[in-house]
Amino acid sequence: SCHKSFPQFHLLPASEYHYLNRGNSVVIEGVDDKQSFEALQQAFSKLGIESERKDCFQVLAAILNLGNITFVSQGPKDPSKISNPAQLEIVASLL
């Protein structure tokens with residue numbers, strides 16, 4: 001699994017991300033995610049932007065984790081509060 005290959009990005013299985021699990025399945029019939037990822041890696045190489053690859057993945061990981069931050073209401077006159085501050089810390093560490 002890709003999420004185990006890049007521990008520095010705090011990745012989870014795709015089904016664990018709010019932004020990715022809005023449909024019935026994170027799997028798209030006829031799409032080979034591994035092959036697509038390898039093609040993306042080759043594209044970085046062909047474009048000569050291999051040094052930016054880590055930065056791109058890190059920003060994408062931050063966006064995915066940002067979508068998992070949840071808020072709870074403190075009441076009608078009080079501001080909302082982040083209910084999972086550890087998730088915010090992950091996002092901050094990636095940015």
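Residues numbered from 1 in each chain as written. Predicted model: local features only at pLDDT ≥ 70, side-chain atom pairs only at ≥ 80, totals over all residues. Heavy atoms only, no water.

### Comments concerning the environment of A62
Consideration 1: Considering the arrangement of structural elements, one finds A62 in helix α3 (residues 50-66).
Consideration 2: Residue classification places A62 among the buried residues on the basis of a relative accessible area of 3%.
Consideration 3: Sequence-wise, A62 and S51 are 11 residues apart; in three dimensions their C-alpha atoms are separated by 18 Å.
Consideration 4: Leave out the neighbours within four places in its chain, and A62 touches V91, L94 and L95. (Helix = DSSP H or I, 4+ residues; strand = E, 2+ residues; numbered from the N terminus. Buried < 20%, exposed > 50% of the residue type's maximum accessible area, 1.4 Å probe, protein only. Contact = heavy atoms within 4.5 Å.)

### What to know about the environment of F9
Consideration 1: Topologically, F9 is positioned in the loop between α1 (2-5) and α2 (33-47).
Consideration 2: The class of F9 is buried, set by a relative accessible area of 3%.
Consideration 3: Sequence spacing of F9 and I90 is 81 residues, and the spatial spacing of their C-alpha atoms is 8.7 Å.
Consideration 4: Leave out the neighbours within four places in its chain, and F9 touches K54, F57, Q58, A61, N65 and L94.

### A few points about the nonpolar core
Consideration 1: In this structure, F6, F9, F44, F57, A61, A62 and L94 together form the largest nonpolar core, which totals seven residues.
Consideration 2: With three residues, α3 is the single largest residue contributor to this core. (Core = buried A, V, L, I, M, F, W, Y, C linked by side-chain atoms within 4.5 Å.)

### Overview of the packing of α3 against helix α4 (residues 85-94)
Consideration 1: Where α3 contacts α4, the axes come no closer than 9 Å and their chain directions differ by 160°. Looking at the two axes, α3 sits roughly antiparallel to α4. Crossing of α3 against α4: the hand is left-handed. Across the interface between the two elements, Q58, A61, A62, N65 and L66 of α3 pack against Q87, I90, V91, S93 and L94 of α4.
Consideration 2: Per-class residue counts for the contact of α3 with α4 are six nonpolar, four polar and no charged. (Axes fitted to C-alpha atoms, helices over the stretch in contact; angles between N-to-C directions. Parallel < 35°, antiparallel > 145°, perpendicular 65-115°, else oblique. Left-handed = near helix turned anticlockwise from the far one by under 90°. Nonpolar A, V, L, I, M, F, W, Y, C, P; charged D, E, K, R; others polar.)

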